[in-house]
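Chains, contacts and geometry: an overview
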Amino acid sequence: MPDAILTMMVQYRCGVAALTVATLLPLATAFAPSEPSSAHVFNTAGSSTSPRFMISNLPGLGGSAGLEPSLPRDVKDAVSKCRASTQAALEKRLSRMDIEMPVGANFGVEKTSAGGGKKKGGGRMADLGDNAPGTPTLDQLHKSDRELARIFVEMFQPVGGEHISVVFKDESLAEVARKRWRGELGADCRVLAVGRKGKAPMRGMGGGGKRGGGKKKKMGFAAKMAAEIEGDGASGPFKLPDGTEVALFVSPGPKELIAVERVCNEVGMGTLVVLLNARLGKVENYGTEETQQLFTDEFETVFHLAAAPQIEAPGCLMHRAYPTDWILARKPKIGAPKTIATFSDKPTPEECAEAYGSIEISDIEKTTENVIENVAGWFS
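Heads up: these notes are all about the structure in this document.

Parameters at a glance
- Residues numbered from 1 in each chain as written.
- Predicted model: local features only at pLDDT ≥ 70, side-chain atom pairs only at ≥ 80, totals over all residues.
- Heavy atoms only, no water.
- Pairing = 2+ DSSP bridges.
- Helix = DSSP H or I, 4+ residues; strand = E, 2+ residues; numbered from the N terminus.
- Axes fitted to C-alpha atoms, helices over the stretch in contact; angles between N-to-C directions.
- Contact = heavy atoms within 4.5 Å.
- Buried < 20%, exposed > 50% of the residue type's maximum accessible area, 1.4 Å probe, protein only.
- Right-handed = clockwise from strand over helix to strand, strands pointing away.
- Parallel < 35°, antiparallel > 145°, perpendicular 65-115°, else oblique.
- Left-handed = near helix turned anticlockwise from the far one by under 90°.
- Nonpolar A, V, L, I, M, F, W, Y, C, P; charged D, E, K, R; others polar.

Read across the open sheet, the 9 strands follow the order β5-β4-β6-β7-β3-β8-β9-β10-β11; overall the sheet is mixed. Either end of the sheet is taken by a strand with one partner, and the two such strands are β5 (190–193) and β11 (338–343). Across the sheet, the mean angle separating the axes of adjacent strands is 20° when strand polarity is ignored. As defined by bridge partners, strand β4 (residues 164–168) adjoins strand β6 (residues 246–250) across 4 bridges and the pair is classed as parallel. Each residue of the ladder has a partner; that of S165, found in β6, is A247. Here helix α5 (residues 254–267) sits on the sheet and contacts β3 (96–100), β6 and β7 (272–276); the angle it forms with β7, its principal contact strand, is near 165°. Against the sheet, helix α7 (residues 349–357) engages β9 (316–321), β10 (326–330) and β11, with an angle of about 135° to β11.

Turning to the pairing of β9, a few remarks are in order. Along β9, 6 of the 6 residues are buried, which leaves the element largely enclosed by surrounding structure. Side chains C316, M318 and R320 project from β9 onto one buried face, and the interleaved L317, H319 and A321 project onto a second face that is buried too. Sheet analysis places strand β8 (residues 300–307) next to β9, joined by 5 bridges and oriented antiparallel. Looking at the pairing, A307 lines up with L317 of β9. The pairing of β9 with β10 spans 4 bridges and is antiparallel. Looking across to β10, one finds that H319 is bridged to I327. What sits between the antiparallel neighbours β9 and β10 is a turn of 4 residues.

On to the side chain of R146, then. Positionally, R146 belongs in helix α2 (residues 138–155). The contact partners of R146, leaving out residues within four places of it in the chain, are E110, F168, V176, A177, R180 and W181.

What follows deals with the environment of L328. When you line up the elements, L328 lands in strand β10. Separated by 15 residues in the primary sequence, L328 and A313 have C-alpha atoms spaced 9.1 Å apart. In this structure, L328 is in contact with A308, C316, L317, M318, K338, T339, I340, A341, F343, C352 and A355, ignoring residues within four places of it in sequence.

As a further point, take the pairing of β7. Most of β7 sits inside the fold, with 5 of its 5 residues counted as buried. Residues L272, V274 and L276 of β7 are buried on one face, and the alternating residues V273 and L275, pointing to the opposite face, are buried as well. Bridge analysis of β3 against β7 gives 4 bridges, and the strand direction is parallel. Residue M97 lies in a different strand from β7, and its bridge partner there is V274. In the sheet, β6 pairs with β7 via 5 bridges, with the strands oriented parallel. Bridge pairing links V250 to L276 in β7. Note on the crossover from β6 through α5 to β7: the handedness is right-handed.

As a further point, take the packing of α2 against helix α3 (residues 171–181). Two elements in contact, α2 and α3, have axes separated by 11 Å at closest approach and are oriented at 55°. When the axes of α2 and α3 are compared, the pair comes out oblique. Both α2 and α3 take part in a crossing whose hand is right-handed. Of the residues in α3, those in contact with H142, R146, A149, R150 and V153 of α2 are L173, V176, A177, R180 and W181. For the contact of α2 with α3, the class distribution of residues is 6 nonpolar, 1 polar and 3 charged.

Taken by themselves, the reported measurements are silent on function.
Right under this line is the structure:
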């Protein structure tokens, strides 16, 4: 495979919808940051993108990819905006991206357990069944994360499956993805896990390693944390396979972020690293200042659609689609969420409280506000 991707085709099918995005974009494998303040930007040695390949000029996307901030109408629109934002970030040579979708969002990607075939309707922001409007189940959370990963795998297929690594928290989650994606068109990739615990992986689609036997020695908390992240003595710490150009980390928690940081340091800016539903806003302690800087400064929020701080702005959500501003929106008793404020940077809880305090809300609406953090159902 050459060192540059000459044509990037971003394709995804959601129900009956199918959109294609193409651009001319080099992705050299030995990029170095051009400036210290732009460590997450690809250095393309003076290459440029032809205007005729810009997203806004492609058929099927309805004009500009969204220079004015606006809320997605439904899950199909959210996926389309996310795809366009990712494309815009690639055109700016960003190599560290953060993507966050609503908790438990149903993208309608996976086949039903009975009867085969894709679910009709292209998915909804929420499909919580008997749990609606409550918190999604653990299985629904895993399914949502897996579907989002599947969307991005298909998005980057032009890179070649052997150059795409999808990394789950543990082997059991990775194994489910291998089974569901096996043989599917547009799902070619390497499926891996940061944690070595769980069922041994099936052959194909990446993974590997034998599980050891014998009794486990008792460990202290610090030793357990190190062992879970660094692996056992035989396998060593988690590493991306050689030749990885796109690394998708699926719902990494604080422990997995340690591995992500190490990977970023190892692979440099030549490898695109994407966090999917990392929920970085909920991480209270990054451990070191360097780690915090990596995830809060170097990783660009390319797409974000999640609840705003509910104490400061009850019933509100925050949205950002790169390169537009941040939106603070509120879900009224009836109708779609409405924008109440925009910000050039991610708003702080204090800024959300100030914006929320500036709007007029009837006493009836105040008594019916839903402070549940899952905003998926707001777009159903």
